[in-house]
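Chain residues, written in single-letter form:
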Amino acid sequence: CFFGDTVNTASRMESSGMAGEIQVSGPTAALLTKKGYTLKSRGVVQIKGKKDMETFWLIKHPENRRPVIKEALKMAKVDLAKLRALLRDVETSECS
């Protein structure tokens, strides 16, 4: 299959999240914490097609990253729309 585990996990995280919140996996939370971000455990969440995972909410980012984050969010909205379209195509094909 063209898409690997990373894309599938990202899709599942997006679909199991809450509007207006950023949910990340444990490994991502660990990396963000080292960079100065504040996260809060959401607890163990059942992710479709995967084992239960502990996920985290992004609570606060370092002030010095604010301009970078604003630009990334603008770009992410476009990329997310493209990703959703690609995932719809993949889900309708026979990908094993």
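Residues numbered from 1 in each chain as written. Predicted model: local features only at pLDDT ≥ 70, side-chain atom pairs only at ≥ 80, totals over all residues. Heavy atoms only, no water.

Colleague: Just to check I follow, could you spell out the overall build of the protein for this structure?
Modeller: Looking only at helices and strands, the protein has three helices and three strands in total. Ordered by position from the N terminus, the helices and strands of the protein form the series α-β-α-β-β-α. Residues classed as buried in the protein amount to 24% of the 96 residues present. Sequence separation of at least 24 residues holds for 51% of the intrachain contacts in the protein that already meet a minimum separation of 6. Accessible surface computed for the protein: about 7,300 Å², of which carbon and sulfur atoms make up 57%. (Helix = DSSP H or I, 4+ residues; strand = E, 2+ residues; numbered from the N terminus. Buried < 20%, exposed > 50% of the residue type's maximum accessible area, 1.4 Å probe, protein only. Contact = heavy atoms within 4.5 Å. Areas by Shrake-Rupley, 256 points an atom, 1.4 Å probe, with all protein chains shown as cover.)

Colleague: Explain the nonpolar core to me, please; I cannot follow it from the model alone.
Modeller: Nonpolar side chains in soluble globular proteins tend to be buried together. Grouped together as the largest cluster of nonpolar side chains are seven residues: Val24, Ala29, Leu32, Tyr37, Leu39, Phe56 and Leu58. Of all the elements in the fold, those that place two or more residues in this core are α2 (26–34) and β3 (53–60). Other than its neighbours up to four places away in sequence, Leu32 contacts Val24, Tyr37 and Leu39. (Core = buried A, V, L, I, M, F, W, Y, C linked by side-chain atoms within 4.5 Å.)

Colleague: How should the confidence of the model for the protein be read in this particular structure?
Modeller: Where the model shows low pLDDT, its predicted coordinates should not be examined in detail. Looking at the protein, the pLDDT average stands at 76 and 72% of residues meet or exceed 70. Confidence, read as mean pLDDT per element, is least for helix α3 (residues 66–92) in the protein (68) and greatest for strand β2 (residues 38–45) (90). (pLDDT = per-residue confidence, 0-100.)

Colleague: Is there a simple way to think about helix α1 (residues 5–16) in this case?
Modeller: An α-helix turns once per 3.6 residues; consequently, residues spaced three or four apart project the same way. Taking 1.5 Å per residue as the helical rise, α1 with its twelve residues ought to reach 16 Å, and the 16 Å between its terminal C-alpha atoms agrees with that figure. Listing the buried residues of α1 in full gives Thr9, Ser11, Met13 and Ser16. (Expected span 1.5 Å × (residues − 1).)

Colleague: Quick question: what am I supposed to make of the sheet that holds strand β1 (residues 23–25) here?
Modeller: Backbone hydrogen bonds are what pair the strands of a sheet, in a parallel or an antiparallel way. One open sheet accounts for three strands, arranged β1-β3-β2; its pairing is antiparallel. Single-partner strands in this sheet number two, and they are β1 and β2. On average, each strand axis in the sheet is inclined to that of its neighbour by 35 degrees, with strand direction left out of account. Strand direction decides the pairing type here: β2 and β3, joined by seven bridges, are antiparallel. Bridged to Ser41 within β3 is Phe56. Together, β1, β2 and β3 form the strand contacts of α1, whose direction differs from that of β1 by roughly 145 degrees. Taken strand by strand, α2 contacts β1, β2 and β3, and its axis lies near 100 degrees from that of β1. (Pairing = 2+ DSSP bridges. Axes fitted to C-alpha atoms, helices over the stretch in contact; angles between N-to-C directions.)

Colleague: How should I be thinking about the environment of Lys35 in this particular structure?
Modeller: Looking at the secondary structure, you find Lys35 in the loop between α2 and β2. Overall, the relative accessible area of 56% leaves Lys35 in the exposed class. The spacing of Lys35 and Pro62 is 27 residues in sequence and 8.2 Å in space, taken between C-alpha atoms.

Colleague: Whenever I open this one, the side chain of Ser25 confuses me. Can you help?
Modeller: Assignment of secondary structure puts Ser25 in strand β1. For Ser25, a relative accessible area of 14% gives the class buried. Reaching out from Ser25, the side chain makes a polar contact with the side chain of Thr28 at a distance of 3.2 Å. Apart from the residues within four sequence positions on either side, Ser25 is in contact with Met13, Met53, Glu54 and Phe56. (Polar contact = N/O pair within 3.5 Å; in protein donor to acceptor, adjacent residues only side chain to side chain.)

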